[in-house]
Amino acid sequence: MATPAATEPFDQWVDHFDGWVGRVDYPRHLLGDFRLEPKYADPPAATVEFGKYKGAPKWRRPEEHPDPAAHEILLKLITIQGDTEFASVEQQRHLLETAPTAYDLKSAVRVNVEEMRHGWQMSHVLISAFGEEGQKEADGLLQRNAQEGERILQAFNDPVRNWLDFFCYTAFLDRDGKFQLGCLLHSGYYPLSASMGPMLKEEAFHLGTGVTGIMRILAAGKVPVDMLQRRVNWWVSTSLDCFGGEQSRKAKAVYDLGLKGRYDEGEGHEGVEVAHVNEYNQGLYHEEVTQIVDRFNAHRPSGTPPLFMPSQKFRRRVGIHKDGCFAIDGKPMKDTAYEEYLEANLPTKEDDERLEEIFKEEWIAPRGA
Amino acid sequence: MRHAAPEGPRLAPFFAGLRGDILAAWQSPLGFAYDRVIYSVSYPYTEGDVTRVLAWCGRAGERARLPAVGELNRTLEAHSYPELASRAPPGVSAHAWSAVLHFCDPSYPIYTERAAEALSALGFDAAARGGEPDYGAFVAAVDELKVEAPAASIPETNWYLARNLGVGLEGWWQAGDAHGRPVARAAAAYGRN
């Protein structure tokens, strides 16, 4: 699919983006010759793949959708996706000064600049199809600030304290991103669906950076596994929240309108209760992350304890288990003991202080060492 | 000079096996050896980095044909991708030059005969000219593949797309060979000349 021609409002937005780069204080020389540009590719299907309008041609303009409610929902979906892209850079920017190797610095910059491009992509979709409303939302993507807690999803306001967090973030939270992009790949709204292929291709490097990073940390054997486990507990539970409530009328409406599908849409898995579409996608994510943790364990140095996956009920801030008292294995706990339990199983200030010392050693191995 | 990519269907057999070829290469001893280099070099290069990169690609003997490390770094820093593809110093092979470029900027693919032959078999004009490899055409062809590759064919690795496609091309070439049919003939089976 050819990229729609640049428009004056988008050019203006690019100027605003330049201001955002300054506000984030991103080192411009590190951006190098990376081409920030919108990219579109033919989506997997030319017709709507699910919902009430299955089989109809995908909608090229929001106003082509037969249901007027689709306009508002699309605007929100695209805005939320774009918001996460710029937020992640704001969360990670401060790590550039402390990269463990030159290639890790290069990798982090690559991750950041591709997230910026994804933000460009969503802004381009907003501005090229949603008029003044789209321009306002695209400007908002550059105005909200993760450091001030202003991003739409809480996960994108949480601090990314150090490089251990960076690798967990790219392995677990970016994987939620992959699942969201995978769901939008099947959207009936053509420009959104056509945006996802190039974004997913870039996301593979981000996820690979995270997973490889954690394997390198395990191989070096300097970061205690219990400390890593607490990070896994934090980032996996945070990522699960990003799927939204397990039982959701909103998600059902979005699905029925053909705007956001299941991650594995088109692979013949029928019989999913549409009101549980978030739960279904979350389950696929949990399954994938479980396999990754199993791979970590297969590669861990002998004599170290295994990592394990926290239950889908543990420390949830969204959905049917929100604010519930569940242990990492999913067993219910008495709420009187729960705060203390969380303190013992989530990253602590002491962990951060200890990590500062560990980071002065050879705490991460080159892959293949 | 850039060349138009072959039509999508002609690339389909290559993309069909790409994911598996990348993962196989990534998990192989050669993949780990590559990573030991990428995680050890610094930017700008030190003399030791240049030596290490050339040794990795089996071209240690070409060190004297490259400029001194200071001048080399100035050249690397002064140009944007892919300007340096066609600016190898006289006498420096495409293998050595591409490796020097790649370990500094992983957007540059590493030149190998097998990858070049695979590109030619896929219909790209990336063949050697007058007996000399054409690294500029090689880079242009890999750039086309970067655009055309389906997201599902790229697995999660810590490797840049240029590296993934490079090992994928080698894997595709070898698969053709392993099945007793040179890759050019395997490609012809899908309708190419």
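Residues numbered from 1 in each chain as written. Chains lettered and ligands numbered in written order. Predicted model: local features only at pLDDT ≥ 70, side-chain atom pairs only at ≥ 80, totals over all residues.

## Examining the overall build of chain B
Step number 1: The helix and strand tally for chain B stands at nine helices and zero strands.
Step number 2: Mapped in sequence order, the helices and strands of chain B form the string α-α-α-α-α-α-α-α-α.
Step number 3: Residue burial in chain B is summarised as follows: out of 193 residues, 48% are buried. (Helix = DSSP H or I, 4+ residues; strand = E, 2+ residues; numbered from the N terminus. Buried ≥ 20, exposed ≤ 12 C-beta atoms within 10 Å, placed from the backbone.)

## What about the interface of chain B and chain A?
Step number 1: Listed per partner, the contact involves 21 residues of chain B and 19 residues of chain A.
Step number 2: Of the residues belonging to the side of chain B that touches chain A, the class tally is 13 nonpolar, five polar and three charged. (Contact = placed C-beta atoms within 7 Å. Nonpolar A, V, L, I, M, F, W, Y, C, P; charged D, E, K, R; others polar.)

## Here's the deal with the packing of helix H3 (residues 69-92) of chain A against helix H4 (residues 102-129) of chain A
The angle between the axes and the distance between the axes are what describe a pair of packed helices.
Residue and element names in this part refer to chain A.
Step number 1: Packing of H3 against H4 leaves a shortest axis separation of 8 Å and a crossing angle of 155 degrees. Judged by the inter-axis angle, H3 sits roughly antiparallel to H4. Here H3 runs over H4; the crossing is left-handed. For the pair formed by H3 and H4, the contact residues are Ile78, Thr79, Gln81, Gly82, Glu85, Phe86, Ser88, Val89 and Gln92 on the first element and Ala108, Asn112, Glu115, Met116, His118, Gly119, Met122, Ser123, Val125 and Leu126 on the second. (Axes fitted to C-alpha atoms, helices over the stretch in contact; angles between N-to-C directions. Parallel < 35°, antiparallel > 145°, perpendicular 65-115°, else oblique. Left-handed = near helix turned anticlockwise from the far one by under 90°.)

## Here we look at unusual backbone geometry
In most cases, non-glycine residues show a negative phi, while peptide bonds are predominantly trans.
Step number 1: Here Tyr43(B) and Pro44(B) are connected by a cis peptide whose omega angle stands at -5 degrees.
Step number 2: A cis amide bond links Tyr81(B) to the next residue, Pro82(B), at an omega of 0 degrees.
Step number 3: Tracing the sequence through the fold places Pro82(B) in the loop between helix H4 (69-78) and helix H5 (94-104).
Step number 4: Positive phi values are uncommon outside glycine, yet Asp25(A) reaches one of about 60 degrees.
Step number 5: Relative to the helices and strands, Asp25(A) is located in the loop between helix H1 (8-24) and helix H2 (28-31).
Step number 6: Here the phi dihedral of Arg315(A) falls at roughly 45 degrees; this positive angle occurs in a residue that is not glycine.
Step number 7: Within the element layout of this structure, Arg315(A) appears in the loop between helix H10 (277-299) and helix H11 (335-345).

## Overview of the nonpolar core
Residue and element names in this part refer to chain B.
Step number 1: In terms of nonpolar packing, the biggest core is built from 144 residues, with Val53, Val100, Leu119, Phe138 and Ala141 touching the most fellow members.
Step number 2: Counting only domains with at least three residues in this core, you end up with domain 1 (8-34 + 113-188) and domain 2 (37-104).
Step number 3: The residues touching Val100, leaving out its near neighbours within four places in the chain, are Val50, Val53 and Leu66. (Core = buried A, V, L, I, M, F, W, Y, C linked by C-beta atoms within 7 Å. Domains from an automatic or database assignment.)

## Focus: the domain arrangement of chain B
Residue and element names in this part refer to chain B.
Step number 1: Split by domain assignment, chain B resolves into domain 1 (8-34 + 113-188) and domain 2 (37-104).
Step number 2: The interface of domain 1 with domain 2 comprises five residues on the first partner and nine residues on the second.
Step number 3: In terms of residue count, the dominant contributor to the side of domain 1 that touches domain 2 is helix H7 (residues 135-148) (three residues).

## Some thoughts on H7(B)
Residues and elements named next belong to chain B.
Step number 1: Taking 1.5 Å as the rise per residue, H7 with 14 residues should run 20 Å; its terminal C-alpha atoms sit 20 Å apart, in good agreement.
Step number 2: Here H7 lies mainly inside the structure; eleven of its 14 residues are buried.
Step number 3: Among the residues of H7, Tyr135, Gly136, Ala137, Phe138, Val139, Ala140, Ala141, Val142, Asp143, Glu144 and Leu145 are the ones counted as buried. (Expected span 1.5 Å × (residues − 1).)

## Considering the confidence of the model for chain B
Residues and elements named next belong to chain B.
Step number 1: Mean pLDDT over chain B works out to 89, with 84% of the residues at or above the 70 mark.
Step number 2: A low-confidence stretch, residues 189-193 (pLDDT under 50), is modelled with seven contacts involving residues beyond four sequence positions or located in other chains.
Step number 3: For this predicted complex, the interface confidence comes out at an ipTM of 0.92, alongside a pTM of 0.94. (pLDDT = per-residue confidence, 0-100.)

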